[in-house]
Amino acid sequence: MVVRKPYLPYSRQWLDDDDIKAVAEVLKSDYLTTGPKSAEFETAFAQYVGVNFAVAIANGTAALHAACYAAGIQAGDEVITTPITFAASANAVRYCGGTPVFADIEPATYNIDPSEIRKMVTEKTKAIIPVHFTGQPCDMDEISRIAKEYNLVVIEDAAHAVGADYKGNLIGSISDMTTFSFHPVKHITTGEGGMITTNSEELYQKLLLFRSHGITRDKNIMLDYQGSWYYEQLALGYNYRMTDIQAALGLSQLKKANRFLHRRREIADMYTAVFKDTPVLQVPFQQEGCNSSWHLYVIQLNLEKLKCNRKEVFEALHRENIGVNVHYLPVYKHPFYQQNGYQDVRCACSENLYNRIISLPIFPKMTNQNVQDVIHGVKNILERNEK
Ligand SMILES: *Cc1c(COP(=O)(O)O)cnc(C)c1O
C-alpha cells in the first residue's frame, strides 16, 4: 500500500512556546488593546528596517488604506499599481474614492514595469503602489525617478518583502510609505496585523489619526483644549488598531525574522539548483543588487514544451498532497473590476504569466524532506508530460 504523505500547504506560520508565552503575558496584564507592546513592536520594527517611524495596524489591507489616506488619495485621483498582486493593493485606492490604474509587469521579474508606469501617468495621477511580488524588490530607482518627475507619492506594498533588500537598503526604508502584512502565510505573523513605515513625521501623524477614528489626545495638534478628559476628532478615521496581544506575538516573531528569512533563501536555493536547467519551466529571475525575501517561489511553465496545461499540473500536484497555489489572477480580471470599468484593460505580460505560473510551497518550517517531495512531485509530472 502506498502511504500518502500529509498535506503540505504553500505556506504556514511557525510558532513556538516562547511566542505563546509572550502572548500569555499580555493576557495577564492590564493592556489588551493598543498599549506598551504595540509601541515596543513599532520601535523594534522601525529599527529592523532602518526607518524613523512605524505604525502598527489591524492588517496589511488597513495598512494600504491608511497609506492611501495619508497620501491624500480621493475621488478623481488615479493611482498606478500592478495587476499581479493581491486585490487589496488596488482595493485600498477604491476605499479612498480613487481609481486604480494597472501598469503591466516586466516579463523577467514579474514586477511592475517602470516604462509601463510612464505610459499610464496622467494629470490625475497622485501615487504609485509598486508591489514587491514574491519578495523580489521592484526597480525602485526608476520608480522614484518617475515619482519625482511627476510629483507622485510612492507607497510600496511590501506584504511579501519583510527583510528583502534593494541596493543595500532594507525594503521599508526607501519610499514615502511602505506597508507590511503579518497574516500567517507571510514572513512573521500576528494572526492578523500590519505595519506602515515612513521617514516623514507629517505622514506618521496622519497615519496615527487614521488608525483610531481620526481622534487625537495630543494637545499640540488639537484646536482647543478643555481639560485632561478631552480629545478631539480631527479627521474621519477608522478603528484599525492592533491589539497588544497581537503586538506581543509580532515582537516575539520579529526576533526570528532573520532566521526565517535565511531558511526561505535556503529552500529557494534548493529549488533553483534542481530546476534551473529544466527546459519545461523557468525558475524565478533574480535582479542584481537585490535580495528577495522569498515569500513565494513561482515557477513558470513553458507550455510550448508540454502536453498539458497549468491546471493539469496543478491538480496532479494536489493529488500528491502538494499544496501548490497560483499568485495571482490579474486584479482587473476579477468580476468586481470587470463590472466596474476594467473590461477593456489588457496587460499582455500579466495575462500570459497568469496562465503559466505555479507557486511551490515555501515556508521556514518546511523540512528538507518536504522540499525533496515537492521537487520529485514536480519533476515526475513534468517528465510525464514533456513533448
Ligand atoms: C497579504 C497581502 C496584502 C494584505 O494583507 P492582509 O494582512 O491580509 O490584509 C496586501 N498585499 C499583498 C501583496 C499581500 O500579499
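Residues numbered from 1 in each chain as written. Predicted model: local features only at pLDDT ≥ 70, side-chain atom pairs only at ≥ 80, totals over all residues. Heavy atoms only, no water.

**Description of the sheet that holds strand β1 (residues 53-57)**
- Within the open sheet, the seven strands sit side by side as β1-β9-β8-β5-β4-β2-β3. Their pairing is mixed. Only two strands of the sheet have a single neighbouring strand rather than two, namely β1 and β3 (99-102). Taking the axes of each pair of neighbouring strands and ignoring which way they run, one obtains an average angle of 25 degrees across the sheet.
- With four bridges joining them, strand β2 (residues 78-81) and strand β4 (residues 125-129) adopt parallel strand pairing. Bridging across to β4, Glu78 finds its partner in Thr125.
- Most of the contacts of helix α3 (residues 60-70) go to strand β8 (residues 177-181), to which it runs at about 165 degrees, and overall it touches β1, β4, β5 (153-157), β8 and β9 (194-198). (Pairing = 2+ DSSP bridges. Helix = DSSP H or I, 4+ residues; strand = E, 2+ residues; numbered from the N terminus. Axes fitted to C-alpha atoms, helices over the stretch in contact; angles between N-to-C directions. Contact = heavy atoms within 4.5 Å.)

**Some words on the environment of Tyr271**
- Checked against the element boundaries, Tyr271 lands in helix α9 (residues 257-275).
- The spacing of Tyr271 and Thr134 is 137 residues in sequence and 15 Å in space, taken between C-alpha atoms.
- Once residues within four sequence positions are removed from consideration, Tyr271 is found in contact with Tyr297, Leu360, Pro361, Met366, Val371, Val374 and Ile375.

**Describing the sheet that holds strand β13 (residues 290-291)**
- The strand order β7-β6-β13 describes an open sheet built from three strands, whose pairing is antiparallel. Every other strand in the sheet has two partners, leaving β7 (169-170) and β13 as the edge strands with one partner each.
- As judged from the two bridges shared by strand β6 (residues 165-166) and β13, these two strands associate in the antiparallel manner. Opposite Tyr166, over in β13, you have Cys290 as the bridge partner.

**Thoughts on the domain arrangement of the protein chain**
- Along its sequence, the protein chain is carved into domain 1 (17-254) and domain 2 (257-384).
- Facing the 39 residues of domain 1 at the interface are 34 residues of domain 2.
- Here domain 1 meets domain 2 over a buried area of about 3,100 Å², counting both sides, of which 58% is carbon and sulfur.
- The largest contributions to the domain 1 side of the interface with domain 2 come from Phe102, Tyr110 and His187, which together make up 20% of the buried area.
- Linking domain 1 to domain 2 there are zero salt bridges.
- The interface formed by domain 1 and domain 2 holds 22 residue pairs in polar contact (both at pLDDT 80 or more) in total.
- Contributions of two or more residues to the side of domain 1 that touches domain 2 are made by α4 (88-95), β3, β6 and α8 (244-254).
- Looking at side-chain class alone, the side of domain 1 that touches domain 2 contains 22 nonpolar, twelve polar and five charged residues. (Domains from an automatic or database assignment. Buried area = accessible area lost by both parts, 1.4 Å probe. Salt bridge = Lys/Arg side-chain N within 4 Å of Asp/Glu carboxyl O. Polar contact = N/O pair within 3.5 Å; in protein donor to acceptor, adjacent residues only side chain to side chain. Nonpolar A, V, L, I, M, F, W, Y, C, P; charged D, E, K, R; others polar.)

**Some thoughts on the pattern of salt bridges**
- Counted under the stated rule, the structure contains 17 salt bridges.
- We note a salt bridge from Glu149 to Arg118, for which the minimum N-O separation is 3.2 Å. With Glu149 in helix α6 (residues 140-150) and Arg118 in helix α5 (residues 114-120), the pair connects residues that are 31 residues apart, well separated along the chain.
- Using a relative accessible area of 49% as the deciding quantity, one classes Glu149 as partly exposed.
- Relative accessible area serves as the criterion here: at 30%, Arg118 is assigned to the partly exposed category.
- When the shortest N-O distance is used, the salt bridge between Glu202 and Lys206 registers 3.8 Å. A residue pair is termed a helical-turn pair when its members lie 3 or 4 positions apart in one helix, as Glu202 and Lys206 do in helix α7 (residues 201-211) at four residues.
- Owing to a relative accessible area of 32%, Lys206 belongs among the partly exposed residues under this scheme.
- Residues joined in a network through salt bridges with shared partners are Asp16, Asp18, Asp19 and Lys256. (Buried < 20%, exposed > 50% of the residue type's maximum accessible area, 1.4 Å probe, protein only.)

**Examining the environment of Tyr150**
- Secondary-structure assignment places Tyr150 in helix α6.
- The class for Tyr150 is partly exposed, based on a relative accessible area of 37%.
- Taking the C-alpha atoms as reference points, Tyr150 and Val121, separated by 29 residues in sequence, lie 8.2 Å from one another.
- Residues in contact with Tyr150, not counting those within four places in the same chain, are Arg118 and Val121.

**Topic: the pairing of β1**
- Within β1, five of the five residues are buried, leaving the element largely enclosed by the surrounding structure.
- Covered by surrounding structure in β1 are Phe53, Val55 and Ile57 together with Ala54 and Ala56, the residues of both alternating faces.
- Taken together, the five bridges between β1 and β9 define a ladder with antiparallel strand orientation. By the bridge assignment for β9, Val55 is matched with Ile196.

**Comments concerning the packing of aromatic side chains**
- Within the structure shown, the criterion is met by 22 aromatic pairs.
- Centroid distance Phe102 to Tyr342: 5.6 Å. Interplanar angle 70 degrees. Geometry classified as edge-to-face. Pair noted here: Phe102 is in strand β3 and Tyr342 is in the loop between α11 (335-338) and α12 (348-354), with a separation of 240 residues, a long-range link. In this structure, Phe102 and Tyr342 share a single accessibility class: buried. (Phe/Tyr/Trp six-rings, centres within 6.5 Å; stacked < 30°, edge-to-face > 60°.)

**Quick notes on the site of the ligand**
- Around the ligand, the structure places 16 residues, and the nearest of them are Gly60, Thr61, Asp157, Ser181 and Lys186.
- A distance of 2.7 Å separates an oxygen atom of the ligand from a polar atom in the backbone of Gly60.
- At a separation of 3.4 Å, an oxygen atom of the ligand approaches a polar side-chain atom of Tyr328.
- Contact with the protein chains removes 92% of the 380 Å² of surface that the ligand exposes when unbound.
- Sorting the residues of the shell around the ligand by element identifies α3 and α4 as the ones contributing at least two each.
- Here the element with the most residues in the shell around the ligand is α3; it accounts for three residues. (Near = heavy atom within 4 Å. Areas by Shrake-Rupley, 256 points an atom, 1.4 Å probe, with all protein chains shown as cover.)

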